[in-house]
Amino acid sequence: MADQSKPLLLSADDSNVDHKTRPEALTFDNIVEQSLSDFGFWQLFQVILVGLALFFDAQQIFITVYTDAYPTWHCLNHTICDHSTSDICQLPRSAWEWDGGSKDKTVISDLGLECSSSLLRSMPSSAFYIGAIVGGFVLALIPDGSLGRKKLVLLSTFAMSITSISVAFSTNVWIYTTLKFIIGFSRSQTWSYALVLISERVSTRWRPRATMIPFTFFVLGFMSLSGIAFLAQHSSWRFLYLYTAVPAIFYCIFLYIFALESPRWLHMQGNDEEAINVLKSMSSKNKPYLESLVSQLPLEQETSEELPRYSIKDFFFRKWAFRRIVVVMIILFGLGISYYGVPLAARDIDVNIYLSETLNAVVELPTFIITPIILERFNRRSSVLVNTLVGGASGVLCFVLSLLGKTGIAFAFELATFFCARIGFNLMAVYMVEMFPTCVRSSATMMFRQALVVGGACCPLIASIGRDLPSVSFAIFGVAMSGFGLFVLILPETKGSSLCDTMEEQEKRDQTINTSDC
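Within every chain, residues take consecutive numbers counted from 1 along the sequence as written. The predicted origin of the model limits local features to residues at a pLDDT of at least 70 and limits the giving and counting of side-chain atom pairs to 80 or more, whereas totals for whole chains, interfaces and linings rest on all residues. Each side-chain value is derived from all of the structure's non-hydrogen atoms; neither hydrogens nor water enter the calculation.

**With respect to the overall build of the protein chain**
Let me state the cut-off plainly: Only DSSP runs of H or I reaching four residues or more are called helices, and only runs of E reaching two or more are called strands; each is numbered from the N terminus. For every residue, the accessible area (1.4 Å probe, protein chains only) is compared with the maximum for its type, and the residue is labelled buried under 20%, exposed over 50%, or partly exposed between those bounds. We call two residues in contact when some of their heavy atoms are within 4.5 Å. Shrake-Rupley sampling with a 1.4 Å probe provides the accessible areas, and residues are treated as covered by the protein chains on show and by no other component.
What the protein chain contains, in helices and strands, is 23 helices and two strands. Put simply, the protein chain has 518 residues, and 53% of those count as buried. In the protein chain, 81% of the contacts between residues at least 6 apart in sequence involve partners at least 24 apart. When the accessible surface of the protein chain is totalled, it reaches about 23500 Å², and 64% of it is carbon and sulfur.

**Some words on helix H18 (residues 367-377)**
Keep this limit in mind: This arc describes the spread of directions from the helix axis toward the C-beta atoms.
Every buried residue belonging to H18 is among Thr367, Phe368, Thr371, Ile374 and Leu375, and all of these are buried. Seen end-on, H18 carries its buried residues on one side only, within an arc spanning 120°. Of the residues in H18, the exposed ones pointing more than 90 degrees away from the buried face are Ile369, Glu376 and Arg377. Against helix H10 (212-231), helix H19 (380-403) and helix H20 (407-435) lie the buried residues of H18.

**Focus: helix H2 (residues 41-62)**
In plain terms, the rule: For a helix, the expected span equals 1.5 Å multiplied by the number of residues minus one.
Across its 22 residues, H2 extends 32 Å between first and last C-alpha, which sits within 8% of the 32 Å expected from 1.5 Å per residue. For H2, the tally of buried residues reaches 16 of 22 residues, placing the bulk of the element in the interior.

**Remarks on the nonpolar core**
Heads up, the condition is: By nonpolar core we mean a set of buried residues, namely Ala, Val, Leu, Ile, Met, Phe, Trp, Tyr and Cys, connected to one another through side-chain atoms within 4.5 Å. The domain boundaries here were taken from an automatic or database domain assignment.
In terms of nonpolar packing, the biggest core is built from 114 residues, with Val328, Leu332 and Met428 touching the most fellow members. Looking at which element gives the most residues to this core, the answer is helix H16 (residues 319-345), with 14 residues. Both domains that meet at this core, namely domain 1 (26-76 + 89-295) and domain 2 (318-508), each give it at least three residues. With residues up to four places along the chain from it excluded, the contact list for Leu332 reads Phe425, Met428, Phe448, Ala451 and Leu452. In this structure, Leu260, Leu266, Ile276 and Leu279 belong to the second largest nonpolar core, which totals twelve residues.

**Here's the deal with the state of the cysteines**
The following threshold applies: Any two cysteine sulfur atoms lying within 2.5 Å of each other are counted as a disulfide.
Under the counting rule described, the total for this entry stands at one disulfide. Note that Cys89 is cross-linked by a disulfide to Cys115, the S-S spacing being 2.1 Å. Given an S-S torsion of about -115°, the disulfide between Cys89 and Cys115 has left-handed geometry. Here Cys89, found in the loop between strand S1 (73-75) and strand S2 (96-98), pairs with Cys115, found in the loop between helix H4 (107-110) and helix H5 (118-140); they are 26 residues apart in sequence, far enough to count as distant.

**Points about a nonpolar patch on the surface**
Put simply, the rule is: The patches reported here contain residues having more than 30% relative accessible area and no salt bridge. Joining distances are 9 Å for like charges and 5 Å for nonpolar side chains (Val, Leu, Ile, Met, Phe, Trp, Tyr). Salt bridges are counted wherever a side-chain nitrogen of Lys or Arg sits within 4 Å of a carboxyl oxygen of Asp or Glu.
Taken together, the side chains of Val246, Phe250, Ile253, Phe254, Tyr256, Ile257 and Phe258 make up a nonpolar region of the molecular surface, amounting to roughly 730 Å² of accessible area. Within the secondary structure, Phe250 sits in helix H11 (residues 237-258).

**Notes on the packing of H19 against H20**
Worth spelling out the cut-off: Axis definition: a line fitted to C-alpha atoms, over the contacting stretch in the case of helices. Angles run 0 to 180 degrees between N-to-C directions. The scheme is simple: roughly parallel for angles under 35 degrees, roughly antiparallel for over 145, roughly perpendicular for 65 to 115, oblique for anything else. In a left-handed crossing the near helix is turned counterclockwise from the far helix by less than a right angle, and in a right-handed crossing that turn is clockwise. Classification used: nonpolar for Ala, Val, Leu, Ile, Met, Phe, Trp, Tyr, Cys and Pro, charged for Asp, Glu, Lys and Arg, polar for all others including Gly.
Taken N-terminus to C-terminus, the directions of H19 and H20 make an angle of 160°; their axes are 8 Å apart at the nearest point. Between H19 and H20, the angle is such that the two are roughly antiparallel. Where H19 crosses over H20, the two elements pack in a sense that is left-handed. Among the residues forming the contact of H19 with H20, the class breakdown is 15 nonpolar, eight polar and four charged.

**Here we look at the side chain of Arg318**
In plain terms, the rule: Any N or O atom pair separated by 3.5 Å or less is treated as a polar contact, with the protein-specific requirement of one donor-capable and one acceptor-capable atom, and with residues adjacent in sequence counted only for side-chain atom pairs.
Of note, Arg318 is situated in the loop between helix H15 (314-317) and H16. For Arg318, a relative accessible area of 18% gives the class buried. A polar contact is formed between the side chain of Arg318 and the side chain of Glu507, at a distance of 2.8 Å.

**Observations regarding the packing of H18 against H20**
Two elements in contact, H18 and H20, have axes separated by 10 Å at closest approach and are oriented at 50°. Looking at the two axes, H18 sits oblique to H20. Remark: the crossing between H18 and H20 carries right-handed chirality. The residues of H20 that touch H18, namely those facing Thr367, Phe368, Ile370, Thr371, Ile374 and Leu375, are Phe419, Arg422, Ile423, Asn426, Leu427 and Val430. Classifying every residue of the contact of H18 with H20 gives eight nonpolar, three polar and one charged.

**Some remarks on the packing of aromatic side chains**
Stated formally: Only Phe, Tyr and Trp rings are paired, with Trp represented by its six-membered ring, and only when their centres lie within 6.5 Å; those with planes under 30 degrees apart are stacked, over 60 edge-to-face, the remainder tilted. Only lysine NZ and arginine CZ atoms are considered, and such an atom sits over a ring when it is within 6 Å of the ring centre and within 35 degrees of the ring normal.
What the rule picks out here adds up to 24 aromatic pairs. When the centroid spacing of 5.1 Å and the interplanar angle of 75° are considered together, the rings of Tyr339 and Tyr340 count as edge-to-face. This pair shows no difference in class: Tyr339 is buried, exactly as Tyr340 is. Within the aromatic cluster, the residues linked to one another by ring pairs are Phe62, Phe128, Tyr129, Phe218, Phe222, Tyr339, Tyr340 and Phe418. The ring of Tyr256 has Lys150 lying over it, and the distance from NZ or CZ to the ring centre is 5.5 Å.

**Describing the side chain of Thr388**
Here Thr388 lies in helix H19. What makes Thr388 buried here is its relative accessible area of 0%. Beyond its immediate sequence surroundings of up to four residues, Thr388 is in contact with Leu335, Met481, Ser482 and Gly485.

**Section: the pattern of salt bridges**
As enumerated under the stated definition, the model contains four salt bridges in all. Measuring nitrogen to oxygen at the nearest pair gives 2.6 Å for the salt bridge that ties Arg187 to Asp57. Pair noted here: Arg187 is in the loop between helix H7 (173-186) and helix H8 (190-199) and Asp57 is in helix H2, with a separation of 130 residues, a long-range link. A single burial state applies to Arg187 and to Asp57, both of which are buried. Measuring nitrogen to oxygen at the nearest pair gives 2.8 Å for the salt bridge that ties Asp110 to Arg238. Residue Asp110 is located in helix H4, and its partner Arg238 is located in helix H11; the two are separated by 128 residues in the primary sequence.

**Some thoughts on the environment of Ser156**
Along the chain, Ser156 turns up in helix H6 (residues 149-167). Sequence separation between Ser156 and Ser186 is 30 residues, and the spatial gap between their C-alpha atoms is 5.3 Å. Excluding its chain neighbours within four sequence positions, the residues that come into contact with Ser156 are Ser186, Thr190 and Tyr193. Of the polar contacts made by the side chain of Ser156, one reaches the backbone oxygen of Leu152; its length is 3.0 Å.

**Focus: the environment of Arg187**
With relative accessibility at 5%, the residue Arg187 sits in the buried group. Residues Arg187 and Thr157, 30 residues apart in the sequence, show an inter-C-alpha distance of 6.4 Å. Of note is the side chain of Arg187, whose polar atom sits 2.6 Å from the side chain of Asp57.

Structure follows, in structure tokens:
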């Protein structure tokens, strides 16, 4: 007979055992940890199903690299037109033509923005990031008590997809910009919703590996966009939105039918029986034992009222917390400019745009293996500092080599800049979790992400400057990454430190560390 020392594994015949003799109390956390201890096929399926939301999310983030690109053109009247020296804005429209003869290849040519200011050309992309910023703050304030984790992922992805389909019918730049804002707003918290749902449906043992799956799908979505854009390069830019949004609609249908709600969220809502049913669906081998636990669940449930109340205002009332979150946001602002801007500016280097964007996505994959190695062997502060300095130097070298005509080497440094930006994001994500206690960690994560998005909102304008001075945007990205990265010297070192739960506990530990260093 199996070991029945743990209450979760008690059979119906052993239900008369005195509760006082049990080695540990029957809590819902114990139930979740025990029933999901083995990462089976159905758990993997659920993680993949939810993680796919980031696949479609990545496509909408980077789609403007292709749809808003400045198309190539050629002369029709060589008497007054010289492609190498002429400015199409100074030529009559009959003297030149877009390559391929298609006016609607990109937004620039279709909506007549070829002679518009760089501010107007970059406005749709900036509107997307501004929408993500506004949505990040607004949606973060809306409680999910009546919706749940699954519905939040579903609604955000569905709203993004429907709006993306509507983009294909834009008739002017103002409608296009408005719809891009709505897309950014609707998908602003998809990343957070998906990660929370995944992390709450796996045990502590498997959570680190499971949470890497959606990150991988995000990169795969980025990579797939290059292939879709290549196949649709002779079609209108409008079809690219349809090719990415329509599959997302079908994905939402599958998500609605097959995805399971978070058992922890159901437990907090008082739906213990439904939570147990979810666990039974995800862990069939423990089904008999889980069925016997329904009647054994404790009557008293933990509520948030039993815990101290903290909010985002604690960042402003505590000097150390305010200083840390400001520094973190400054660093993430610099990383956001580089992470979102480098792929956008890659079109300014004389390389194939489809190949360049695919390679930019490929270099992200090794970061999920390299980051844990760096965190285990080196200090947090020095790792971030060295990474941002190397990334910044790569950006500047990319600019210099591009001016010298060494396109191949310049592109290699462009990949290095993007690689360091991603490594920096991974490092700071772990670093930030260790710097803030549990009671405000969620708020800190929101502000962490918002700083990254604010940096992304600035990058389309910076990238568009490269049209006037080729590749100068890479120098700007590099200086921003290394310059803002220097602020990490202000932050405390956290390697080897345990996580704190309250602000008071965090303050006490920091005082202990400061006293020992004196």
